[in-house]
Amino acid sequence: MAIPFSPKMRLAPLWPALAALALAAILAAALLPWAIANQVAHELQQTLRLVEPALPKASGSWSAPNVELERAVVALVARTDFRLTLITASGVVLADSERSFDQLPAMENHRGRQEIVDALARGEGFAVRYSDTTETKTAYAARLVRVADGSAIVARLALPIRSLGSYRLHLLGLLALSALAAAVVAVGVSLWLSRTLF
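The numbers attached to residues start from 1 for each chain and follow its sequence in the written order. Under the rules for a predicted model, residues below a pLDDT of 70 receive no local features and side-chain atom pairs below 80 are neither given nor counted, while totals for whole chains, interfaces and linings still include all residues. The side-chain values count all of the structure's non-hydrogen atoms but skip hydrogen atoms and water molecules.

Colleague: Please give an account of the overall build of the protein that cites residues and values.
Modeller: The numbering of helices and of strands both runs from the N terminus, where a helix is a DSSP run of H or I of at least 4 residues and a strand a run of E of at least 2. The secondary structure content of the protein amounts to five helices and five strands. Along its sequence from the N terminus, the protein presents helices and strands in the succession α-α-α-β-β-α-β-β-β-α. Exposure classes here rest on a 1.4 Å probe applied to the protein chains alone. A residue is buried below 20% of its type maximum, exposed above 50%, and partly exposed in between. Residues counted as buried form 32% of the 198 residues belonging to the protein. Whether two residues touch is decided by their heavy atoms; if any such pair falls within 4.5 Å, the residues are in contact. In the protein, 53% of the contacts between residues at least 6 apart in sequence involve partners at least 24 apart. What sets the accessible areas is the Shrake-Rupley method with a 1.4 Å probe; for residues, cover comes only from the shown protein chains. As displayed, the protein has an accessible area near 11600 Å², and 64% of this comes from carbon and sulfur atoms.

Colleague: A description of helix α3 (residues 67–76) should follow, citing residues and the corresponding values.
Modeller: Those residues of α3 that sit buried are L69, E70, A72 and V73. The arc enclosing the buried residues of α3, seen along the axis, measures out at 165°, which places them on a common side. More than 90 degrees from the buried face of α3, the exposed residues found are R71 and A75. Elements that come into contact with the buried residues of α3 comprise β1 (83–88) and β2 (93–96). The opening residue of α3, the one whose side-chain oxygen lies 2.8 Å from the backbone nitrogen of E68, is N66. The arc under discussion is defined with respect to the helix axis, by the directions toward the C-beta atoms. Pairs of N or O atoms within 3.5 Å make up the polar contacts considered here, provided that, within protein, one atom can donate a hydrogen while the other can accept it, and that residues adjacent in sequence are counted only when both atoms are side-chain atoms.

Colleague: Which residues make up unusual backbone geometry, and what are the values?
Modeller: Positive phi outside glycine occurs at R79, with the angle close to 65°. Examined against the element boundaries, R79 turns out to sit in the loop between α3 and β1.

Colleague: Describe the pattern of salt bridges, and please don't skip the residues or the numbers.
Modeller: The salt bridge criterion pairs a side-chain nitrogen of Lys or Arg with a carboxyl oxygen of Asp or Glu, the two atoms within 4 Å. The final tally for this structure, using the stated rule, is eight salt bridges. Note that E52 is salt-bridged to R143, the shortest N-O span being 3.0 Å. Placement of the pair is E52 in the loop between α2 (14–51) and α3 and R143 in strand β4 (residues 136–146), with a sequence separation of 91 residues. Classification of E52 as partly exposed rests on a relative accessible area of 27%. A residue is classified by how much of its surface remains accessible, and R143, at 18% relative accessible area, is buried. Of the charged contacts, one joins D96 and R83 as a salt bridge, the two residues approaching to 2.7 Å between their closest N and O atoms. Of this pair, D96 sits in strand β2 while R83 sits in strand β1, placing them 13 residues apart in sequence. In the salt-bridge network here, residues are joined through shared partners; they are R49, E52, E124 and R143.

Colleague: An account of helix α4 (residues 114–122) is requested, with residue identities and associated values reported.
Modeller: For α4, the set of buried residues is E115, I116, D118 and A119. End-on, the buried residues of α4 take up no more than an arc of 165°, which puts them together on one face. Of the surrounding elements, those touching the buried residues of α4 are β1, β3 (124–131), β4 and β5 (152–160). G123 lies just past α4 and shows a positive phi near 100°.

Colleague: Quick one: what's the story with the environment of F82, residue by residue and with numbers?
Modeller: As for its position among the elements, F82 is in the loop between α3 and β1. As for F82 and Y140, which are separated by 58 residues in sequence, their C-alpha atoms are 9.9 Å apart. Dropping the residues within four chain positions of it, F82 is found in contact with L44, T47, V77, S97, E98, L157, A158 and L159.

Laid out in structure tokens, this is it:
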């Protein structure tokens, strides 16, 4: 004689699966910003490695703003979302693609910026913060490079976070679709088991 089970009892195997699915979705959403930041850091550093050989062999001093360098960095990132900055080891901005040459002397010393500190200490650095220059949250990657006169400067590449919006939405969309598909499968399996076993 079959033992009758209530609908709640029949669907009991479903709840652990849905709970596990919800936990996985929450963890994935929480880790997504960290994963994106690490991916952006890697890609910006890779791009910097490509930019480094293209840096101009400017004449004159590498300790103060240089009009030749300024023209070169503007040309290197033209028609892209990147911002390229060249900074001395003491923090003086030599050139910046988002500033004119006349504006460079008024720029703050960058020696204390986290990505610059890390680049000077370890050769590479990365940070995400609000930029007063571009007035938007920005990802920065910095790399220590040797220049024509043998001194070391920091080449920094920046990308506005708004440029990463489509990438983030794409990943969130994939996560949502995966969660929905897994939920449908879990419900289907649970219903099949309840009908088969009970």
